[in-house]
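Structural overview
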Amino acid sequence: MAKKMLNFLWFVVILSVLRVCTAATPESYLLQTYSLPSDLNFMPTLGNGHLGYTVFGDAIFMNGVYNGPAGNSKRARIPNWLNITTEVCDRFGCATDADVAVNGTSYEMNLRDGYFRSITTYNTLGLSIEQRTYPHKFFNRALVYEVVATRSTAYGTRANSPQFLRLSQHPGNASDAFEFVVVSNGSSASGDYRTIRGRTDIIEFERFQQQPQEIYIIFSQSLEEPLQLEWPTWQAEVRHRIIICIDRQQSVALKELQDVLQLNANSMLQRHTVAWHNFWDRDFSIELVGNVLELSQIINAGIFYLASSLPSLSTNQVNEPFYGLSPTGLGRGNLEADYQGHNFWDTEIWMLPVVTHFGFEYGKQVLDYRSRKLEAAKYNARSKGYKGARFPWESAYTGTEVTNPCCPEVAQQEIHISPDISFALQKFFAHSGDYAWVCDKAWPIAAEVAEFLVSRAACEEFRPVCHLLNVMGPDEDHPDVDDNVYTNAVSKIALEFAEWAGEMCGNDSTELFEKWRRVNDRLLILHDTALDYHPQHVGYVVNTTIKQADTILLGYPLRYDISTTHLNDLRIYSNVTRESGPAMTWSMFATNYLTSSEEWLGHEYFERGYKDYVRPEFKVWSETPLGFEGSANFLTGIGGFLQAMIYGYGGVNFVRDNNKTTMILRVGTSPLYVDEVHVNYLRYARNTCRWVFGDRFSNMDCGVRSGAQGTFEMVQGKKRTLLGRSFNVTLVKGDEPVHISYLE
């Protein structure tokens, strides 16, 4: 008995050493735990822009696939046939918890490699079971489950009994979104796989969707009944994999499965991990220097969960059009808590400013959803008696209004989403300097949004003043107000951008531009001269509680008012924002205080913006702090948090300065206990930049990319310097900000 125990302990030691030796993943990218969250909603959500799911959840979702009419439209739930578990059994029965060592099951989210796995060690059997799951990043129609069972040379009391693995599916209840039909049950014949066709039950809006949506699901192996894999006593290891491929076209799903199965398990995993490594090493990452492991993990997890809902840019087969970033990502959307997978202003205001730095193509694919749904937005405006394009507060497959029937006032009054989208178009141009894209994609949207705003405005007859009446700003606790200051400010920015884009793209309609300019000039921005602050709306009373960041957004991100008035806004509204407000609110307070050189308040609100919102096991975000109900995997909160890191602490911003794009740099500062922050990479014009900053210095190194033609000019105070096609600029504490403009 003692010898067996010694052999078992030696086996555990060897296994631990092998894990350490083979796991080259930095600790900041590894989230490991021996216990799962008490609420499994806070398990990792994995995706590749085409498919997504939550680990151990009951649903798979596919990009752009929704079911239900109008406000009842939601992501169409596919049962999670990838939710598979493996048991080790013999003729006496299956192993139980009593066979598992203390802390014998570890759970690991590997952010760098892009997979989730569990490893269970059975102390009385001398073996371990590793289970791994992931949506493949290159073969993006494929979902993968792998199991590896490993036996030591000395195993327990059942050593002479032949063992087997039993694989079982736990897909959850039948879907209420699809009618499924078995196309083929599959057989032992080569290339004959179990195939299911699913057709959604209810269309969203007939004018823009004539037919239900159809998908095909193909299984490498059927698990309608538990699968038994024999494990002879002489065999040290057994491996198995289940692949599920899903697409709108049966031929695409079948080709994906056939291509994946041509690779062995190691090669298949390597194609996936290489794709993720390319993202971290070539697209975007943030590295913290200092003893701040938890904060590093939170940052990396945030980037990972956000990127997981974006389309892979290098794939085995051509991607389908992308249907946008919803607040809780592609792997969720069947529940009201997941906002049913709809698109909101969250996409453009909270997530896109970070996504753009992953690479301009990511930003273009996000914004292209709005471009493709422009006709639906125009219909939405006409149906309400307005001109131009009014983008719906919530949109899904058709681009028409799908706000939940519970809240009609939200759909009617949160009109700021349309100028929010126009603002995002301008910001993307400020990053990219892509003039051709402005004329092809941005100008058509900006023009229609401007037309809507002009038709929606109420202008006085005897005073040069225009109003936006009966609106709701970001603070949804105050509906049906007049002249919400955020709505009016972002609308003025949208009107000015439309005029600029029209002139730049060759439109010579002076009458049109004059109409837009007249409303822009007259649109009221409330200002209390006695207290020198911006009332949130007509009739706002100081000390009235609000839900979330609203007026303070005039500083960052709008840059509409960065004067002392804005500082007063911050002080007044920080005292009345409710504790249960969404995560990104405090990040916006942090960013605005940091950009106003109020560093200690910036630190306070930065920590407040994540510490009570991030669940510890897998660094999954909640919409609301601990103790309040809210959405899980809240990408909106992640976006606000990462903006605070880049634009608040980093001190960088991008603006359109007449016909030029300009990067504004000030000396950054680092979060508490962080020595340096390395942002790899920022995108600006045709250059890729590395941004390093600490408490006393900042360095922006922008190397030229292949084929780049333009040059840069730097202005600091009264000094003007031509920089050439690339630049490297260092600032130290006390230096004036610099403005670096891209010259086409």
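Bringing the packing of helix α11 (residues 485-504) against helix α12 (residues 510-522) into the picture now. When two helices pack together, their arrangement is given by the angle between the helix axes and by the axis-to-axis distance. Two numbers describe how α11 lies on α12: the axes approach to 9 Å, and their chain directions differ by 155 degrees. Judged by the angle between their axes, α11 and α12 are roughly antiparallel. Here the hand of the crossing between α11 and α12 comes out left-handed. Here Lys 492, Leu 495, Glu 496, Ala 498, Glu 499, Gly 502 and Glu 503 of α11 come into contact with α12, specifically with Phe 513, Trp 516, Arg 517, Val 519, Asn 520 and Asp 521. Looking at the contact of α11 with α12 residue by residue, the class counts come to five nonpolar, two polar and six charged.

Counting residues in hydrophobic clusters, the biggest one holds 196 residues, and the most contacted among them are Ile 286, Phe 358 and Met 663. The biggest single contributor to this core is helix α10 (residues 435-456), with 13 residues. Other than its neighbours up to four places away in sequence, Ile 286 contacts Ile 299, Asn 300, Ile 303, Leu 642, Met 645, Ile 646, Val 677, His 678 and Val 679. Counting residues in each nonpolar core, the second largest holds 15 residues, with Tyr 134, Ala 253, Val 260 and Met 268 among its members.

Let's shift gears to the sheet that holds strand β8 (residues 84-90). Pairing is antiparallel across the open sheet formed by four strands, whose spatial order is β9-β8-β14-β18. Two strands in the sheet have a free side with no partner beyond their single neighbour: β9 (93-94) and β18 (227-231).

Note on placement: Ser 631 falls in the loop between β24 (620-621) and α16 (635-649). Given a relative accessible area of 2%, Ser 631 falls into the buried group. In terms of polar contacts, Ser 631 uses its side chain to reach the backbone carbonyl oxygen of Ala 337, at 2.2 Å. With sequence-adjacent residues up to four places away left out, Ser 631 is seen in contact with Thr 328, Ala 337, Asp 338, Tyr 339, Trp 621, Ser 622 and Glu 623.

Our focus in this paragraph is helix α14 (residues 583-595). Taking 1.5 Å of rise per residue, 13 residues should cover 18 Å, and α14 covers 19 Å from first to last C-alpha, within 8% of that figure. When you tally the buried positions in α14, you get 12 out of 13 residues, the bulk of the element. Buried within α14 are the following residues: Ala 583, Met 584, Thr 585, Trp 586, Ser 587, Met 588, Phe 589, Ala 590, Thr 591, Asn 592, Tyr 593 and Leu 594. Contacts from the buried residues of α14 go to α5 (346-358), α13 (564-574), α15 (599-608), β24 and α16. Of the residues flanking the end of α14, it is Ser 597, one or two places downstream, whose phi is positive at about 65 degrees.

This brings us to the pairing of strand β30 (residues 711-716). Sheet topology note: the β30/strand β33 (residues 738-743) ladder contains five bridges and is antiparallel. Residue pairing in the sheet places Met 714 in a bridge with Ile 740 of β33. Adjacent in sequence and paired antiparallel, β30 and strand β31 (residues 719-724) are bridged by two residues, among which Gly 717 carries a positive phi angle near 65 degrees.

Counting across every chain of the model gives 35 salt bridges. Two residues, Arg 239 and Glu 237, come together in a salt bridge whose shortest N-O distance is 2.9 Å. The partly exposed category is assigned to Arg 239, whose relative accessible area is 47%. The partner of Glu 496 in a salt bridge is Arg 656, and the shortest N-O contact between them spans 2.4 Å. One end of the pair, Glu 496, is in helix α11; the other, Arg 656, is in strand β25 (residues 652-657), and 160 residues separate them in sequence. Residue Glu 496 is classed as partly exposed on the basis of its relative accessible area, which comes to 33%. Overlapping salt bridges, with partners in common, bring together Glu 108, Arg 117, Glu 130, Arg 132 and Glu 146 in one network.

The next subject is unusual backbone geometry. The residue after Tyr 556, namely Pro 557, is reached through a cis peptide bond having omega 15 degrees. Among the secondary structure elements, Pro 557 is positioned in the loop between α12 and α13. Put simply, Asn 680 and Tyr 681 share a cis peptide bond, and its omega is 20 degrees. If you check the backbone angles, Asn 103 has positive phi at about 55 degrees while not being a glycine. By secondary structure assignment, the location of Asn 103 is in strand β10 (residues 100-110).

Our focus in this paragraph is the packing of helix α4 (residues 293-308) against α16. One way to put it is that α4 packs onto α16 with a least axis distance of 10 Å and a crossing angle of 125 degrees. With respect to their mutual orientation, α4 and α16 come out oblique. Of the two elements, α4 crosses α16, and the hand of that crossing is left-handed. Of α16, the residues touching α4 (which contributes Leu 295, Ile 298, Ile 299, Gly 302, Ile 303, Tyr 305 and Leu 306) are Leu 635, Ile 638, Phe 641, Leu 642 and Met 645. Residues belonging to the contact of α4 with α16 are distributed by class as follows: 11 nonpolar, one polar and no charged.

Reading the values: the criteria
Residues numbered from 1 in each chain as written. Predicted model: local features only at pLDDT ≥ 70, side-chain atom pairs only at ≥ 80, totals over all residues. Heavy atoms only, no water. Axes fitted to C-alpha atoms, helices over the stretch in contact; angles between N-to-C directions. Helix = DSSP H or I, 4+ residues; strand = E, 2+ residues; numbered from the N terminus. Parallel < 35°, antiparallel > 145°, perpendicular 65-115°, else oblique. Left-handed = near helix turned anticlockwise from the far one by under 90°. Contact = heavy atoms within 4.5 Å. Nonpolar A, V, L, I, M, F, W, Y, C, P; charged D, E, K, R; others polar. Core = buried A, V, L, I, M, F, W, Y, C linked by side-chain atoms within 4.5 Å. Buried < 20%, exposed > 50% of the residue type's maximum accessible area, 1.4 Å probe, protein only. Pairing = 2+ DSSP bridges. Polar contact = N/O pair within 3.5 Å; in protein donor to acceptor, adjacent residues only side chain to side chain. Expected span 1.5 Å × (residues − 1). Salt bridge = Lys/Arg side-chain N within 4 Å of Asp/Glu carboxyl O.

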